[in-house]
Amino acid sequence: MPLHATEEPEYRVVRTFADFEVRQYAPYTVAEVVVPGPADEAGSQAFPILSGYIFGKNKGEKKFAMTAPVTQASAPVKLPMTAPVTQTASSAGFLVQFVLPKGVTAADAPEPLDARIQLRDVAAYEVAVIRYSGFWSESNYAEHLGKLQSALRAADLTWTGEPVFSRYDAPFKPWFMRRNEIWLRLPSQP
């Protein structure tokens, strides 16, 4: 796994293709919340809720270091935890997740004071990942999601579930230096 200044969930690259890579993520734990959206506002809606939890708004007032990515996906989505912080979209809103630091589990993490926050352990899983830079926009996201889906079809790989949008950088980072990813979950191997 590459070295990062901000902690990320552990993974190993299983295979590299021209336009994407396949990663195997180790188990990790997330704090998550569902917000109404729209997609371009979901991260901003969820951030104060989730950051409050990791900065001490929990029973015991325990503080955690910020981790990456923050993920976003449509909700409700049945995902066996798929990202540090993820975002997914649906008519019910967006599921946004912060990954908790390594070694923290749902069983031993402090209880959130905000009832909207859920803690969940995510089992190991495999995803196909495309990486790109820039600010969030529906067109940028759709372009890269389409590119990932086309590349997976060309590689004769299938995916399951909703795409997960993963952000790695603070809002003040210049657009051309931002790390964004879209994850598509690959079916479990027997």
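Residues numbered from 1 in each chain as written. Predicted model: local features only at pLDDT ≥ 70, side-chain atom pairs only at ≥ 80, totals over all residues. Heavy atoms only, no water.

Caption draft 1: Fine view of the overall build of the protein. A tally of regular secondary structure across the protein gives two helices and ten strands. Counted from the first residue to the last, the protein has its helices and strands arranged as β-β-β-α-β-β-β-β-β-α-β-β. With 190 residues in all, the protein has 51% of them scored as buried. The contacts in the protein between residues at least 6 apart in sequence include a share of 65% that link residues at least 24 apart. Total accessible area on the protein is roughly 9600 Å²; 56% of this is exposed by carbon and sulfur atoms. (Helix = DSSP H or I, 4+ residues; strand = E, 2+ residues; numbered from the N terminus. Buried < 20%, exposed > 50% of the residue type's maximum accessible area, 1.4 Å probe, protein only. Contact = heavy atoms within 4.5 Å. Areas by Shrake-Rupley, 256 points an atom, 1.4 Å probe, with all protein chains shown as cover.)

Caption draft 2: Fine view of the layout of surface pockets. By volume, the largest pocket amounts to about 670 Å³. As for the largest pocket, its lining consists of 28 residues, and the residues nearest its centre are Arg167, Tyr168, Asp169, Ala170 and Pro171. Of all the secondary structure elements, the ones that give two or more residues to the lining of the largest pocket are α1 (39–54), β6 (93–99) and β9 (160–167). In terms of residue count, the dominant contributor to the lining of the largest pocket is α1 (six residues). (1 Å grid on protein atoms, 1.4 Å probe; cavity = no way out; pocket = protein on both sides within 12 Å on 5 of 7 lines; lining within 4 Å. Points joined across faces, edges and corners; volume = space filled by probe spheres on them.)

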